[in-house]
Every structure is written in structure tokens, then in C-alpha cells.
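# Examination of the molecular architecture
These are the residues of each chain, in order.
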Amino acid sequence: MPQAQIEPASTGTTPPASPVADDPQLALILQSLDDDQAQDIVTIDLQGKSSIADTMVIASGRSTRQVAAMAQKLGERLKRGGFGGPRIEGLPAADWVLVDGGSVVVHLFRPEVRSFYNLERMWGFGEGAAGAA
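Fair warning: this is a prediction, and the values are worked out from it, not measured in the lab.

Regarding its fold elements, the chain presents 5 helices and 5 strands. For the chain, the N- to C-terminal ordering of α and β elements is α-α-β-β-α-β-β-β-α-α. The buried share among the 133 residues of the chain stands at 35%. In the chain, once contacts between residues fewer than 6 apart in sequence are set aside, the share between residues at least 24 apart is 56%. Approximately 8,200 Å² of the chain is accessible, and the part contributed by carbon and sulfur atoms is 52%.

This is how it looks when you write it as C-alpha cells:
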């Protein structure tokens, strides 16, 4: 005989807002990467760790062509979204492309290059940093 599932009672408190809900630029970036089928998307909160940005996003593409396309589309979407034209570096080789959106910095890698540099570990991912998106 199947057991009934019991839902926890509502406490009347609202859950804390996610960083994505508080940052429309981050939400646009994550949506763009999802639309372009980026893999292993990770967000890292840099507040209190660095003055270069508030958030870092790391994602992988399956090939240099996909990495380059994701970066170019992300740049266009940020500009159309009113966030200005981001600086994009690394497009010719497209093994590792940096999209500097100001408060959010995006690193797009081919998987082999990502595992070599391991930015998640360098920035303390897993030590209170935001999890995978």
C-alpha cells in the first residue's frame, strides 16, 4: 500500500531572493547561455573576494565554433538589453573567451581548456560560492 506524501506546513516566510532575481544582467546572461546550449554553467559570487566584478559565470561549449558563437550572441544580447557593449577577448582562437560585462564576467571554454585552468577551484568554488545554474 503506497504511503501518502506529507507536504511541510507553510511557515509564512518568503525564501531569500536568488542572486539571479536581483540582477537582470546575470539573468540575461544565464538565459543566453542556456538558449545556446552551454554546458556545465557555474556562477560564482565575487562580492568580497574581488573588485573586478560582482559575479563570475563559467560555462563550456562543445567546440571552438560553439564557444565563439555563444560569446558573439551574448555580446549582442547584452547590448540589446541595455547593458552596453561588453568587451570580448579570445575570439580568434575561441578556446577560452572572456566576455566582460562589467558587474558580470563570463568565461567560455572548450572542456579541455576549462579543466586545465580550473577557475572554479582558483576562485574558491565550493567554499560558500554560488552553485551551478
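And the narrative resumes.
Moving on, we get to helix α2 (residues 24–35). In a regular helix each residue adds 1.5 Å, so 12 residues correspond to 16 Å; α2 covers 16 Å between its end C-alpha atoms and thus fits that length. For α2, the full list of buried residues reads Gln 25, Leu 26, Ile 29, Leu 30, Ser 32 and Leu 33. Here the buried residues of α2 occupy an arc of 160° about the axis, which is enough to place them on one side. α2 presents Pro 24 and Asp 34 as exposed residues on the side facing more than 90 degrees away from its buried surface. With a side-chain oxygen lying 3.0 Å from the backbone nitrogen of Gln 25, the N-terminal cap of α2 falls on Asp 23. Once α2 ends, the next one or two residues include Gln 37, with phi positive near 60°.

Cut-offs applied
- Residues numbered from 1 in each chain as written.
- Predicted model: local features only at pLDDT ≥ 70, side-chain atom pairs only at ≥ 80, totals over all residues.
- Heavy atoms only, no water.
- Helix = DSSP H or I, 4+ residues; strand = E, 2+ residues; numbered from the N terminus.
- Buried < 20%, exposed > 50% of the residue type's maximum accessible area, 1.4 Å probe, protein only.
- Contact = heavy atoms within 4.5 Å.
- Areas by Shrake-Rupley, 256 points an atom, 1.4 Å probe, with all protein chains shown as cover.
- Expected span 1.5 Å × (residues − 1).
- Arc of directions from axis to C-beta.
- Polar contact = N/O pair within 3.5 Å; in protein donor to acceptor, adjacent residues only side chain to side chain.

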